[in-house]
Structures are given as C-alpha cells and as structure tokens.
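So the chains spell out like this:
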Amino acid sequence: MRFGETPVDDAAGAILAHSRRADGINFAKGRVLSDEDIARLKEAGVSTVVAVRLDADDMHEDEAAATVARALAGEGIEVTAAFTGRCNHFAREAGLAVLDQERIDALNELHESVTVATLPPFARVEPRQMVATVKIIPYGAPRAAVERAVDVAKAANRPMIAVAPFRTMRAGLVQTKLPGTRDKVLDKAVNTTTKRLTSLGSTLNGERRVAHDARAIADALAELKSEGCDLFLIAGASAIVDRHDVVPAGIEAAGGKLIHFGMPVDPGNLLLTAELDGKPVLGLPGCAKSPKYNGFDMVLERLAARLPVGRAEIVRMGSGGLLAEIPSRPQPRDEADSEEAGPQQAPRVAVLVLAAGRSTRMGGPNKLLAEAEGAPLVVHAVKAALASQAVEVVVVLGHMADDVRAAVEKAVPPRSRVRFVSNPDFAEGLSTSVRTGIGALPTTVDAAVVQLGDMPGVGAPLLNRLMAAFSPVEGRSICVPTVGGKRGNPVLWARRFFPEMAKLSGDSGAKHLIGEHADLVCEVEMTGEAAITDIDTPEALAAWRARVPA
C-alpha cells in the first residue's frame, strides 16, 4: 500500500486519505476519487491530495473486514455489511457471548492492519446487541494477512465468536426456615428469584418452604421434581459452610450428587453445584437474595444458555469474578434501581417502499406492476427490503392500491414483516407518500430507508451497506448511495429528521434536506448502477428487460 502526497492529475482511482471540505467540495476520507472528483478538485485550485493506492497484493478495507468477520461468526451471530473497514457482529437472540479468547489473541497478533474487538467472554447480551467488531486499521490490508486470519478462524472445530441463546428453564425453589425466620424475607427472595428467571426467559415453577433439615429438603426436591422442574434452587436459612452441611446433605438424601462447593467469585463464594437425575441443583449463597449481580447470576446464565457449568468452569470464573465494584453488568434490579446506559445495539432501521405513484411518464400502465426478471418491479423492491437487515418493511400504497398489494402478498411469505399503509393523497406527489410512511413507523425505529418501488436493481446488499454506514455518533445521519460520485437512491434518514420529513410537500421528496444538513451526510459508494437506475418510461423498462432478461 502506497501512502502520501499525490498530484491531482495522478489521483484518479486513489483513496482519499484525509477529508476535504472546502470550496464547495465535501469529500470524506476513504472516498475513491473518480474522474469527476478530479475535475472538481482542479476547478477548486487543488494541486495535490494525500491519497492511498492499494498494491496488487492488498485487499480493500471493506472486503478484508467482511472476509474476516464472516470467518469468525458462529451460531447466533448476524454480520453487518462492511463500511469504512469495519464489520460488526450482533446477537440474534438474548444469550451469552461465547468467545475463543486464545484464538482472538492469536488473530490480533498476526498483523497490525487486522483487528477484532469483542465483549468479555460469557458476557450477557440482548437481541441486536454488538458482540464484536472487525476493523481494518488503514484503507487496506495485505491479502496474506487476511488469509492467515481466516486460517486462524478455521483452525478449530468451533467458531471464534458465537452467542449461546437462553432457553426456557422451569425452576423449583426450596427455602428453609429456622426459628425467627420471617415470611417477609422469604417472600422477597421469591420475588427476586422470579425476576432473575424471567429476565432469562425462564419461570419459577414451584416453591417449598421447609424446616432447615436434610430430610425436609429431600422431600421438597422430590415434590418439585414430580411437578416437572428441570432446575432446583435451594436457599438455606443458614449459609452452606461445608460439603456435609444441611443443604448438601439434603441433596444427597434426595439421590443427588455434589459437583463442587465454593467459587472464586465475590459476592457468591458459598455457592454449591450439584445434580439430581441429570438436572442441575444449586445451593445458593446468601447474596442470591439480593437483586445485585453475583456469582449465582454467572452460573444461572450459563445454565440458561445450556453451557457446561462443572468444576472446571467454576474455577475459571475467578478472572473477572470480583463483582463487588462492577456496577455495569446487567442486573435483574427493580426498574428504579439503575440509570445506566444500555449496551451498544444494532440500529433498528425500517425500509419504506414507496409504491403509491400514478406512473404518468409510463403513458398508462402502472409501472410497478410491470414485470422484469420474472416479477413486478414493486416485488423486487419489497423482496430486497425483506432480505436486508431491516427490522420492518412498510409499503406505502396509493394508485391501484389493491392490485399492488395483491402482487406483493402473492410473492412474499405469509406472516412476513411487511406492513401496508394507504396514502389517500398520493396524487399530490411523492412527498405525501414519504409523510405517510414516516407517520406509520413506531417510535422504536432509529432510522428509515426511503426506497423507491421502481428501482429493481436495488438489492439487500445495497440496503445493508447503507445501514452499516449509519452512525449518528460519527456524524453519519443521512446515508446516500453514490455511483462514480453521482448521488442516487434509496437514502437512509436518522429519526431526528422525521419531523422535518413529516412536513414535506410537492413531488420532490426530502432531497432538499440533504443540502440543508450537508455536515451530517455520508456518501456511500456503490458498485454497479442500481442506485442511479429507476424505471420511469417505457424505454427505460425495455432497456432494463434487455439487460436483465426475464
């Protein structure tokens, strides 16, 4: 890779190393300079730029990031499209991050250009939470380094990055009593335990309150086992202090087998693990009555994720096991207990498919129902949106609404995430469809891609690349696809612009907002011409059909 000051006349095809925003030019770093870009730079009096050229044995940052990210990803992981040399892994479901730390370290040792950062091993994750990110440090990486990283990822028979999802458990709770034990304390323990289990998608199936006696504990376990419990929790009125104490003796009297007593986690040292007919039994430490995160949570989470929790796993919990001063872990607290910021989530992006227009330039027929490549144009748009990483797809109907809806419903699976909304004012222009679509989005959506129904070449990879570029924190709140420096569609808009979009009028959509918020615009270069090719006329449709035969 060659980096340095480059004469503008020699910079076509090079990667701009530093952003240039002056004299009417707004080029972000990482832009591949086109002939048109060079002309604009020369018109502005620019004679040199700091640029990068990749050598034949280099791989572009986005290709490198995507290649490594795909190789690392295992079950429960969704990989985003690459953008600016970054490719993220997000959790599909709630669960635990399962990471091969040794191989991650080995990968990061390979070459300074290829890096992967992850959450701590066995971190608890929520759906759409970021688990890891692959980042190519400069604008490209040696192909050999990328290939070695892939080899490291495939070196074992297990993925380097995965999420073990939580599965439902039916827990039974035994609480023992001594003279003076108050029911209020036991009631609070039931409430806290229920919240813990519920947060993991599990249930408290039954509870028994018995004397602090081994035989009574054994009888209670037998009853809960007959009721279908597959996890047994025992909270003693007095803490377990020995393998021969009352609680472990009760487990053995019920036919159970002790596995390990104690754990290198604080709070939570006095936890006992055992087994009864192949099902886990936990003798709880006193801290289990508190809603604060403790060693009991660490074990409970792994059990819910169906991960092994034997002696070997318990003794390895010491690294990171000092929890007393760690306020940032997820905790099943009362709602008012915490004002902490949540974990980094994948943006929730919706796609608005505008399918309400009258097709006046087509001279009669509704172009959205015209077939190309074996399906109506509108179906191509909706299928691309469904195949993307969008959380919701909203189709805005207007002209020939029943026919357009029927065409879409015939082509997409039942119970897909498509919603239809009607724009009664469609004859007044494109802006009315944008307003209708924006007004139909839930408050949980972070951004929306406004997709035209007459651009059949726009596929899921293009949509995903726009979503990968979206980062309001880094000033990328409006993401616009470009082809050779020419801006096209669809455009992604952050939620902050929804109020302005709700006031649009006329037939020009929200294009003027791009100029008004130039500092928040991110141009996303695309391959091919899909982003600048729409079907407005019979000639354009014929040209498309000729290029992509049905």
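The rules behind these values
Residues numbered from 1 in each chain as written. Predicted model: local features only at pLDDT ≥ 70, side-chain atom pairs only at ≥ 80, totals over all residues. Heavy atoms only, no water. Pairing = 2+ DSSP bridges. Helix = DSSP H or I, 4+ residues; strand = E, 2+ residues; numbered from the N terminus. Core = buried A, V, L, I, M, F, W, Y, C linked by side-chain atoms within 4.5 Å. Buried < 20%, exposed > 50% of the residue type's maximum accessible area, 1.4 Å probe, protein only. Contact = heavy atoms within 4.5 Å. Phe/Tyr/Trp six-rings, centres within 6.5 Å; stacked < 30°, edge-to-face > 60°. Lys NZ or Arg CZ within 6 Å of the ring centre and 35° of its normal. Arc of directions from axis to C-beta. Polar contact = N/O pair within 3.5 Å; in protein donor to acceptor, adjacent residues only side chain to side chain. Axes fitted to C-alpha atoms, helices over the stretch in contact; angles between N-to-C directions. Parallel < 35°, antiparallel > 145°, perpendicular 65-115°, else oblique. Nonpolar A, V, L, I, M, F, W, Y, C, P; charged D, E, K, R; others polar.

Peer 1: I tried to follow the sheet that holds strand β9 (residues 95-99) on my own but got confused; where do I start?
Peer 2: Each strand in a sheet pairs with another by means of backbone hydrogen bonds, the pair being arranged parallel or else antiparallel. Reading across from one edge, β11-β9-β14 is the order of the 3 strands in this open sheet, with antiparallel pairing throughout. In this open sheet, the two edge strands, each paired with only one partner strand, are β11 (124-125) and β14 (161-165).

Peer 1: It is not clear to me how the nonpolar core should be interpreted in this structure. Could you clarify?
Peer 2: Nonpolar side chains in soluble globular proteins generally cluster together in the buried interior. Formed by 70 residues in total, the largest nonpolar core has its most connected members in V382, V395, W493 and M501. Among residues more than four places away in sequence, those in contact with V382 are V353, V395, V408, V412 and V418. Counting 33 residues, the second largest nonpolar core, distinct from the first, contains V68, A71, M160 and V163.

Peer 1: Where do I start with helix α10 (residues 377-387) in this structure?
Peer 2: Two residues of an α-helix separated by three or four positions point the same way, owing to the 3.6 residues in each turn. In terms of burial, α10 is largely enclosed, as 9 of its 11 residues are buried. By the burial criterion, the buried members of α10 are L377, V378, V379, H380, A381, V382, A384, A385 and L386.

Peer 1: In this structure, what is going on with the packing of aromatic side chains? I would like to understand it.
Peer 2: Aromatic rings in a pair are described by how distant their centres are and how their planes are angled relative to each other. Per the stated rule, a full pass over the model turns up 1 aromatic pair. Plain terms: the ring middles of W493 and F497 are 5.9 Å apart, the flat faces sit at 75° to each other, and that makes the pair edge-to-face. In terms of burial, W493 and F497 fall into one category: buried. Cation over ring: R302 sits above F122, and NZ or CZ is 3.7 Å from the ring centre.

Peer 1: Sorry if this is basic, but what is going on with helix α4 (residues 143-153) here?
Peer 2: For α4, every residue scored as buried is listed here: A145, V146, A149, V150, V152 and A153. The buried residues of α4 occupy an angular sector of 160° when the element is viewed end-on, so they sit on one face. Those residues of α4 that are buried are in contact with β6 (58-60), α2 (61-72), α3 (101-110), β10 (114-118) and β13 (140-142).

Peer 1: Hey, could you run me through the side chain of T537 in this one?
Peer 2: Structurally, the position occupied by T537 is in the loop between β30 (521-525) and α16 (538-547). Overall, T537 belongs to the buried group, its relative accessible area being 18%. Polar contacts involving the side chain of T537 include one to the main-chain amide nitrogen of A540, which spans 3.1 Å. Not counting residues up to four positions away in its chain, the partners in contact with T537 are R361 and M362.

Peer 1: Would you explain the sheet that holds strand β19 (residues 272-276) in this entry?
Peer 2: With mixed pairing, the 6 strands of this open sheet are ordered in space as β16-β15-β17-β20-β19-β18. Only two strands of the sheet have a single partner each, and these edge strands are β16 (203-211) and β18 (257-261). The mean angle between the axes of side-by-side strands here comes to 20°, regardless of whether they run parallel or antiparallel. Bridge analysis of strand β15 (residues 170-177) against β16 gives 8 bridges, and the strand direction is parallel. Pairing of V174 across the sheet is with R208, part of β16. The sheet contacts of helix α8 (residues 295-304) involve β17 (231-235) and β20 (279-283), and relative to β20 the element is tilted by about 175°.

Peer 1: Looking at this structure, I do not really get the pairing of strand β25 (residues 418-422). What am I missing?
Peer 2: Moving residue by residue along a regular strand, the side chains alternate between the two faces of the sheet. Strand direction decides the pairing type here: strand β24 (residues 392-397) and β25, joined by 5 bridges, are parallel. If you follow L397 over to β25, its bridge partner there is S422.

Peer 1: Honestly, the packing of α3 against α4 in this entry has me stumped. Any pointers?
Peer 2: Working note: a packed helix pair is described by the angle between its axes plus the distance between those axes. At a minimum axis distance of 9 Å, the contact between α3 and α4 shows a crossing angle of 170°. As far as their axial angle goes, α4 and α3 are roughly antiparallel. Across the interface between the two elements, R103, A106, L107 and L110 of α3 pack against A145, R148, A149, V152 and A153 of α4. Here the residues of the contact of α3 with α4 sort into 7 nonpolar, no polar and 2 charged.

Peer 1: Is there a simple way to explain the packing of α2 against α4 in this structure?
Peer 2: Running from N to C, α2 and α4 point in directions that differ by 10°, and their axes come no closer than 8 Å. Compared by their axis directions, α2 and α4 come out roughly parallel. On α4, the residues touching E63, A64, T67, V68, A71 and L72 of α2 are R143, V146, A149, V150 and A153. Class assignment for the residues of the contact of α2 with α4 results in 8 nonpolar, 1 polar and 2 charged.

Purely geometric stuff here, so don't read any function into it on its own.
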